[in-house]
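Secondary and tertiary structure notes
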Amino acid sequence: MSGRHSGNSRRFSPAVTWGAAALAVVVVVAGGWFGVQAVRAAGSDSCDSLDTVSLAVDTSIAEPVQQILAQANEVDRGCVDFEVRAERPTDTATEIAGTDDDRPDLWIPDSTLWLLKTLRSTGALPELAKTSVANTLPVLVSASDAAPVTDTWLSVLQMPGQRIGDPLTSSASNAAILGALAESEVAISDAKAVSAALVPMAQDFGRIADTPHDTPDLVAQVATEGGTSVATEQAVLAYEAANPGSALTESVPPTGSYFLNYPLAVTAPAGPEYDRVKAAGAALASVLASQSATDTLVAAGFRTSSGTPLTDGRGVGSVAALEIKNPLSIETTLRDWAVLALPLRTLVVEDVSGSMAAKSGDSTRIALTVDASVGANSLFSDQTQMGLWAFSIGLGGGQQDYRELVPMGKADGTFDGKSQRDAILDSIRGLPALVGGGTGLYDTTLAAFRRVKEGYDPDYVNSVIILTDGANEDNGSISLDQLLAALQKEQDPVRPIVIITVGVTSDADPVALQQISAATGGTSYVAEDPRDIPDVFVKALNSRTERLAGE
């Protein structure tokens, strides 16, 4: 049996999420109609014939719903034969947005969030037959002998090696992130810290990850491999029921949790058949509200629609419901993850001009930049494609101001007899030996932009990251105006290259760097202290989401 652990002793007070609140109006308006139809169906003694209605159900709750329908007589079902389709919500949402015949008549997703997604694709909110069929909540699952203590959902997201599903497809994973955002709305944590926590997590997860990340898979991985994962209370209980003797512990931060509410929605298209489906939805809502249905759902590890804690020591006990007050947080979070989870293809270009030898505290700019760059390298996942250049006037020989130290390649690939990552780390550590000369910024920037463009990969975010402590000093190079004109002319909106500039100390030329980044839709930062570079790298990764917001 799972261990109970919750830092919150407050009695659960059901809180309707903002999405459910938006839909509540529909329920109130339609409630009288649904009730009348349900009575009429229940008032009949028998069915002359059975109607057929398709019902898409989230895979996590499909089995108990099928059991409930099998136990209900045909009259209670409103003389309807429900064809239950166990589907992932992503598939159902796609069907509803499409124009083919696969669209279900009724739908039980695991969260109201999915109904809001259909609003974006169809322009209309589905009508609700029941606001909540059952409830569950995201939890942190771990081996019972290694249960971590977490104060907030932000701390959960920040845990090294944290397993999490894709929030674009997993409501449990999305709810964990939304829990952290809800905490930030009441000043328990910082929204910027939540955004920063997504960077390494999304990069590690990757849109091309091969490891299964569905919630049941994550629970099984913790049980067999250890570590921690974001799952749901119900998924943990279901695993324990199927695997007696498993030693798992589930916990929730004392701040509470963002609940998943399993609504029943009418998703049939408008037309002559809609009223028929609506009546079937009313009958199904009545069946799902019965005591026998509640018992079946609770036995399967779900909470009732009111969110009442499970009995007999199961689950995490009483938990407060977190709410999102800003509806845009949900949209922004999913958009940010979608961009962050794209692997990065980047060329890092480091300044080794003579000024980098200048003292900075008890060290030098170049020494501190090397230390920071080595540390920041861990932010890039093995899916990353990256290369490294160094630049100063004439460094590449003749009129060429840059030298390629490591060509572009995947971080887990090989170069010169070692891994790509190790080759880059070794080259970074060797940068102090190259220091000298002036700052050849403009020619180097254009050359780096063109190099990344040559090998553009549409499955990656293609970018250049330039670190420099000075202004352009190459009198024989192109001018700033010529550089900006070239970048704007050569930028392909369908195959964009983003330039991110990092000014190392205030000696850099912040105006020129900002103009260079802006010309490609990128962002510019100034690290007043070279020790700030790791934080700037996090911001640079996040800047991909800022660019998307502006499109």
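Residues numbered from 1 in each chain as written. Predicted model: local features only at pLDDT ≥ 70, side-chain atom pairs only at ≥ 80, totals over all residues. Heavy atoms only, no water.

**Comments concerning the overall build of the protein chain**
Scanning the protein chain from N- to C-terminus turns up 18 helices and 19 strands. Counting every position in the protein chain, which comprises 551 residues, the buried fraction comes to 55%. Long-range contacts, defined as pairs at least 24 residues apart, comprise 79% of the intrachain contacts of the protein chain with a sequence gap of at least 6. A total accessible area of about 22200 Å² is found for the protein chain, and carbon and sulfur atoms account for 50% of it. (Helix = DSSP H or I, 4+ residues; strand = E, 2+ residues; numbered from the N terminus. Buried < 20%, exposed > 50% of the residue type's maximum accessible area, 1.4 Å probe, protein only. Contact = heavy atoms within 4.5 Å. Areas by Shrake-Rupley, 256 points an atom, 1.4 Å probe, with all protein chains shown as cover.)

**A word on the sheet that holds strand 2 (residues 51–58)**
Pairing in this open sheet of five strands is mixed, and the strands run 3-2-4-9-5 from one edge to the other. Only two strands of the sheet have a single neighbouring strand rather than two, namely strand 3 (80–87) and strand 5 (127–130). Sheet twist, expressed as the average angle between the axes of neighbouring strands with direction ignored, equals 30 degrees. Relative to strand 2, helix 2 (residues 62–71) is tilted by about 150 degrees, and along the sheet it contacts strand 2, strand 3 and strand 4 (106–108). The sheet contacts of helix 3 (residues 89–97) involve strand 2, strand 3 and strand 4, and relative to strand 3 the element is tilted by about 120 degrees. (Pairing = 2+ DSSP bridges. Axes fitted to C-alpha atoms, helices over the stretch in contact; angles between N-to-C directions.)

**Some details on the pairing of strand 13 (residues 385–391)**
Consecutive side chains along a regular strand alternate between the two faces of the sheet. When you tally the buried positions in strand 13, you get seven out of seven residues, the bulk of the element. Of the two faces of strand 13, the one lined by Gln 385, Gly 387, Trp 389 and Phe 391 and the one lined by Met 386, Leu 388 and Ala 390 are each fully buried. Pairing geometry for strand 10 (residues 344–351) and strand 13, over seven bridges, is parallel. Pairing of Val 349 across the sheet is with Trp 389, part of strand 13.

**So, the pattern of salt bridges**
One pass over the full model with this rule turns up 15 salt bridges. Each of Asp 51, Glu 273 and Arg 276 takes part in one network of salt bridges that share partners. (Salt bridge = Lys/Arg side-chain N within 4 Å of Asp/Glu carboxyl O.)

**A short note on the sheet that holds strand 19 (residues 524–527)**
With mixed pairing, the six strands of this open sheet are ordered in space as 14-13-10-17-18-19. Either end of the sheet is taken by a strand with one partner, and the two such strands are strand 14 (402–410) and strand 19. On average, each strand axis in the sheet is inclined to that of its neighbour by 15 degrees, with strand direction left out of account. Bridging between strand 17 (residues 461–468) and strand 18 (residues 498–504) involves six bridges; their strand directions are parallel. Directly across from Thr 468, in strand 18, lies its bridge partner Gly 503.

**Looking at the packing of aromatic side chains**
Applying the stated criterion to the full structure yields two aromatic pairs. Ring plane angle 85 degrees and centroid distance 5.3 Å describe the contact between Tyr 262 and Phe 302, whose orientation is recorded as edge-to-face. Taken together, the residues span a long stretch of sequence, with Tyr 262 in the loop between strand 8 (248–252) and strand 9 (264–266) and Phe 302 in the loop between helix 11 (291–299) and helix 12 (328–340) at a distance of 40 residues. Overall, the relative accessible area of 3% leaves Tyr 262 in the buried class. Phe 302 gets classed as buried once you look at its relative accessible area, which sits at 0%. Plain terms: the ring middles of Trp 389 and Tyr 402 are 4.2 Å apart, the flat faces sit at 5 degrees to each other, and that makes the pair stacked. Linking Trp 389 in strand 13 with Tyr 402 in strand 14, this pair joins segments that are 13 residues apart in sequence. In this structure Trp 389 comes out as buried when scored by relative accessible area, which is 0%. Lying over the aromatic face of Trp 114, Lys 117 brings its terminal NZ or CZ to 3.6 Å of the ring centre. (Phe/Tyr/Trp six-rings, centres within 6.5 Å; stacked < 30°, edge-to-face > 60°. Lys NZ or Arg CZ within 6 Å of the ring centre and 35° of its normal.)

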